[in-house]
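Here is what each chain is made of, one letter per residue.
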Amino acid sequence: ETGVTQTPRHLVMGMTNKKSLKCEQHLGHNAMYWYKQSAKKPLELMFVYNFKEQTENNSVPSRFSPECPNSSHLFLHLHTLQPEDSALYLCASSQGVGAYGYTFGSGTRLTVV
Amino acid sequence: SQQGEEDPQALSIQEGENATMNCSYKTSINNLQWYRQNSGRGLVHLILIRSNEREKHSGRLRVTLDTSKKSSSLLITASRAADTASYFCATDPNNAGNMLTFGGGTRLMVKP
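Residues numbered from 1 in each chain as written. Chains lettered and ligands numbered in written order. Predicted model: local features only at pLDDT ≥ 70, side-chain atom pairs only at ≥ 80, totals over all residues. Heavy atoms only, no water.

Q: Please clarify how the overall build of chain B should be interpreted in this entry.
A: Counting secondary structure elements, chain B contains zero helices and 11 strands. Over its C-alpha trace chain B gives a radius of gyration of 13 Å, about what one expects of a compact globule, namely 13 Å for 112 residues. Look at the contacts in chain B between residues 6 or more apart in sequence, and 55% of them connect residues 24 or more apart. Here chain B has roughly 5300 Å² of accessible surface; of this, 45% comes from carbon and sulfur atoms. Across chain B, the mean location of the 13 positive side-chain charges is 3 Å away from that of the 10 negative side-chain charges. (Helix = DSSP H or I, 4+ residues; strand = E, 2+ residues; numbered from the N terminus. Rg over C-alpha atoms; globule rule 2.2 N^0.38 Å. Contact = heavy atoms within 4.5 Å. Areas by Shrake-Rupley, 256 points an atom, 1.4 Å probe, with all protein chains shown as cover. Lys, Arg positive; Asp, Glu negative; His and termini not counted. Charge placed at Lys NZ, Arg CZ, Asp CG, Glu CD.)

Q: Is there a simple way to explain the sheet that holds strand β1 (residues 4-7) of chain B in this structure?
A: What links the strands of a sheet is backbone hydrogen bonding, and the strands pair in either a parallel or an antiparallel sense. Residue and element names in this part refer to chain B. With respect to topology, five strands assemble into an open sheet ordered β1-β3-β8-β7-β6, the strand pairing being antiparallel. Both edges of this open sheet fall to β1 and β6 (55-58), since each of them pairs with a single strand only. The average undirected angle you get between the axes of adjacent strands in this sheet is 15°. (Pairing = 2+ DSSP bridges. Axes fitted to C-alpha atoms, helices over the stretch in contact; angles between N-to-C directions.)

Q: What is the right way to read the state of the cysteines from this model?
A: By definition, a disulfide is the covalent link that joins the sulfur atoms of two cysteine residues. For the structure shown, the criterion picks out two disulfides over all chains. Shown here is the disulfide that connects C23 of chain A with C91 of chain A, its sulfur atoms set 1.9 Å apart. Since a negative S-S torsion denotes a left-handed disulfide, the C23 of chain A-C91 of chain A link at about -75° is left-handed. Placement of C23 of chain A in strand β3 (residues 18-25) and of C91 of chain A in strand β9 (residues 87-94) is noted, with a sequence separation of 68 residues between them. Each sulfur in the disulfide pair C23 of chain B and C89 of chain B lies 2.0 Å from the other. Looking down the S-S bond of the C23 of chain B and C89 of chain B bridge, the torsion is 65°, so its handedness is right-handed. With C23 of chain B in strand β3 (residues 19-25) and C89 of chain B in strand β9 (residues 85-93), this residue pair connects regions lying 66 residues apart in the sequence. Across this residue pair, the class does not change: C23 of chain B and C89 of chain B are buried. The thiol of C68 of chain A is not disulfide-bonded; the next cysteine sulfur, from C91 of chain A, is found 9.1 Å away. (Disulfide = S-S within 2.5 Å. Buried < 20%, exposed > 50% of the residue type's maximum accessible area, 1.4 Å probe, protein only.)

Q: Help me out: how do you make sense of the pattern of salt bridges in this one?
A: If the charged atoms of two oppositely charged side chains come close together, the side chains can form a pair. For the coordinates displayed, the defined rule picks out six salt bridges over all chains. D85 of chain A serves as the salt-bridge partner of R63 of chain A, at 2.7 Å between the closest nitrogen and oxygen. Of this pair, R63 of chain A sits in the loop between β6 (53-57) and β7 (64-70) while D85 of chain A sits in the loop between β8 (73-79) and β9, and the two are 22 residues apart along the sequence. Using a relative accessible area of 2% as the deciding quantity, one classes D85 of chain A as buried. Notably, a salt bridge pairs K26 of chain B with E5 of chain B, separated by 3.6 Å at the nearest N-O pair. Remark: E5 of chain B occurs in strand β1 and K26 of chain B occurs in the loop between β3 and β4 (29-37); sequence separation between them is 21 residues. (Salt bridge = Lys/Arg side-chain N within 4 Å of Asp/Glu carboxyl O.)

Q: What should I look at first to understand the side chain of K36 of chain A in this one?
A: Residue and element names in this part refer to chain A. Within the secondary structure, K36 sits in strand β4 (residues 31-37). Side-chain polar atoms of K36 contact the backbone oxygen of E84, separated by 3.5 Å. What K36 contacts, discounting residues up to four positions off in sequence, is P42, L43, E44, M46, E84, D85, A87, L88 and Y89. (Polar contact = N/O pair within 3.5 Å; in protein donor to acceptor, adjacent residues only side chain to side chain.)

Q: Explanation requested: the interface of chain A and chain B in the structure shown.
A: Interface size, as often reported, equals the accessible area lost upon joining of the parts. At the junction of the two partners, chain A supplies 20 residues and chain B supplies 21 residues. Interface area, chain A with chain B, both sides summed: about 1600 Å², of which 58% is carbon and sulfur. Our count for the chain A to chain B interface comes out at zero salt bridges. Applying the counting criterion to the chain A and chain B interface returns six residue pairs in polar contact (both at pLDDT 80 or more). Elements supplying a minimum of two residues to the side of chain A that touches chain B: β4, β5 (44-50) and β9 of chain A. Grouping the constituent residues of the side of chain A that touches chain B by class yields 12 nonpolar, five polar and three charged. (Buried area = accessible area lost by both parts, 1.4 Å probe. Nonpolar A, V, L, I, M, F, W, Y, C, P; charged D, E, K, R; others polar.)

As structure tokens, this is what we get:
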């Protein structure tokens, strides 16, 4: 375990469903991130939270809605997704935003049917 | 557009050989990092090299950085079958609010 825990590990959802991905870290890190990893594409940064404040929204469609209730927890709420949203969603944390390595969770493999 | 690009996209070697992967990037950076990803899992941070450093070592890993050429290399010496994974470089551009951007990765296969 890396110290960043993501649940669920796998998720299959219909296009009309609403679901949430959860990320939790107890490393004392202040920054948390959502990345999307699709086949044959580089990791895409989606959202960044620093000290619970969203500092980056990388032109992500509104059907993805992040929530950061505290510096240890990060959620990604999903609704009316499209099949092309199927991907591995990775959460990461770092001590701060800047010259720090990221600690990643194992990811949630999402399939939209 | 993609900030970092790894070369080669795929590499297959025999156990015991050295593996070299390269990364090129476009803009000036604060630091460059290398990560490893086993299939379908999260990424694991390997090493961070700052823009004022030229070389760093960690165990069997050696990373170089040439800011004049905007390139970095990752050398894995005496490779093992367990080194089979994808390896990504990530850059921290100094005009991007310190957000890491990742390259497409090199898929390394080490045959026993």
